[in-house]
Amino acid sequence: MTELSTESELFVATARAFLDKTAAISAQRELHAQGRSYDPAWWKRAAELGWAGLLVPEELGGGSVSESGLHDLVAIAEAIGRTVGPGPLYPVSTVLAGLIDADNADALAGSIAALVAGEQVATWAADEPGRGFRPQAPSATATPTAKAGGTGYRLNGVKDRVEAGAQADLILVGARTDDGALRQFLICSDAPGVTVRPQNCVDLVKQYARIEFDDVEAEAVVGTAAQTAALIDRQTQVGIALACAESVGILDAVLALTIEWCRDRYSFGRPLASYQALKHRLADMTMWLHAARAITAGAVDKIAARAPDAGMWASAAKSYLGEHAGLLVQECIQLHGGIGVTWEHDLHVYLRRITLYSNLLGTPDEHHRAIFTAANTTEPAA
């Protein structure tokens, strides 16, 4: 990503050492064998290292080692990608991105503090059954409705593809109120009327769920109706930044693994890396990696600065990674030959996470359309 300060470099080095020691790929295989997504005690330790509070201002219990918590956060995400690490960094961070920007953030301070400390886990329920990622334009049927009554709101409806849905303590969910406005609500996962149904996932440790709301009382309303769209945009952009950064970490690890393999593996008395055709393939993949890193860094800079065109940059990064990341890993598998397609080799673990992220928070086609729309509604430079 972008160049880090000395303090940030030390912070990221500490995170990498922690991941290498506690979340190596062998640990992901153990979690998969146990049917677990992550160890809550492990996430508590990660939170104590400051991972969960990087986006949160100091007055709300957070803080970062640099002047930009988002840059520090995506550096952690990239480090996680190198070991395909577990944990709810993505769902917790996207929820916090909305909570800290809400006009009533002070009223949500208790939940924010619990998330920063790793005492609770939150997730953002944004997807709906049978539809693409459209949190700003939810369907009239699946989107939970929020009916005002008594001292708050009661929700009815369905969300699916919710990461850590079965592990989360809090759920951030968008719902239509009686007047048709889209609002966001915090729901306690153990509230009466909440039903969590696990869903299959290609990733070894990431777990998703379908969540049904049956007359569920909301714990809190997040922000005003007027700012809900801006909150959802911010949450989406932060989520895309994390997914792209983690993907860059995966590509970096996979390409390094493949280059080492091609140097060490001999065919007809020569290392694979000495063959001209393979050199060209490795060069192409190196170019894709550099492009992926650069466009992700550009998007992160725009999102961190809250630039007006941050959404378009986020879509550009997401569409590029969605098109090239999976192809790069597949090429690396091919260069490994038969061993690359075995369960015992780690390449498939990386491929699973990349495949998951290719359509998370919107497909490449959806982001291409978003870029087209943004480009046609932006006035040309003078």
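One can find the structure itself at the top, above this paragraph.
Residues numbered from 1 in each chain as written. Predicted model: local features only at pLDDT ≥ 70, side-chain atom pairs only at ≥ 80, totals over all residues. Heavy atoms only, no water.

### A word on the overall build of the protein
Helices and strands together make up the secondary structure of the protein, namely eleven helices and ten strands. Taking 382 residues into account, the globule formula puts the C-alpha radius of gyration at 21 Å, and the protein, at 21 Å, falls close to it. Seen along its three principal axes, the alpha-carbon backbone of the protein occupies a region of about 80 × 60 × 45 Å. Here the protein holds 382 residues, and 51% of them are scored as buried. Considering only contacts within the protein whose residues lie at least 6 apart along the sequence, 73% involve residues at least 24 apart. (Helix = DSSP H or I, 4+ residues; strand = E, 2+ residues; numbered from the N terminus. Rg over C-alpha atoms; globule rule 2.2 N^0.38 Å. Buried < 20%, exposed > 50% of the residue type's maximum accessible area, 1.4 Å probe, protein only. Contact = heavy atoms within 4.5 Å.)

### Some remarks on helix H7 (residues 228-264)
Across its 37 residues, H7 extends 54 Å between first and last C-alpha, which sits within 8% of the 54 Å expected from 1.5 Å per residue. Within H7, 26 of the 37 residues are buried, which leaves it mostly tucked inside the rest of the structure. (Expected span 1.5 Å × (residues − 1).)

### Considering the nonpolar core
Residues Trp43, Trp51, Ile112 and Leu251 are the most contacted members of the largest nonpolar core, which totals 100 residues. Of all the elements, H7 adds the most residues to this core, at 16 residues. Not counting residues within four places of it along the chain, the set of residues in contact with Trp51 comprises Phe11, Ala15, Phe18, Leu19, Trp42, Trp43, Ala46, Leu73, Ile76, Ile80 and Leu89. (Core = buried A, V, L, I, M, F, W, Y, C linked by side-chain atoms within 4.5 Å.)

### A word on the pairing of strand S5 (residues 182-188)
The side chains of a regular strand alternate, first on one face of the sheet and then on the other. Of all seven residues that make up S5, six are buried, and the element is covered over most of its length. Pairing geometry for strand S4 (residues 170-177) and S5, over seven bridges, is antiparallel. When the bridges of S5 are listed, Ala175 appears paired with Arg183. Hairpin connection from S4 to S5: four residues lie between these consecutive antiparallel strands, with Gly180 at a positive phi of about 90°. As paired elements, S5 and strand S8 (residues 220-222) share three bridges and run antiparallel to each other. Each residue of the ladder has a partner; that of Leu186, found in S8, is Ala220. (Pairing = 2+ DSSP bridges.)

### Let's talk about the packing of helix H5 (residues 89-101) against H7
Taken N-terminus to C-terminus, the directions of H5 and H7 make an angle of 150°; their axes are 9 Å apart at the nearest point. Relative to H7, H5 is oriented roughly antiparallel. Of the two possible hands of crossing, H5 and H7 adopt the one that is right-handed. Listed contacts from H7 to Leu89, Tyr90, Ser93, Thr94, Ala97, Gly98 and Asp101 of H5 are Leu231, Arg234, Gln235, Val238, Gly239 and Leu242. (Axes fitted to C-alpha atoms, helices over the stretch in contact; angles between N-to-C directions. Parallel < 35°, antiparallel > 145°, perpendicular 65-115°, else oblique. Left-handed = near helix turned anticlockwise from the far one by under 90°.)

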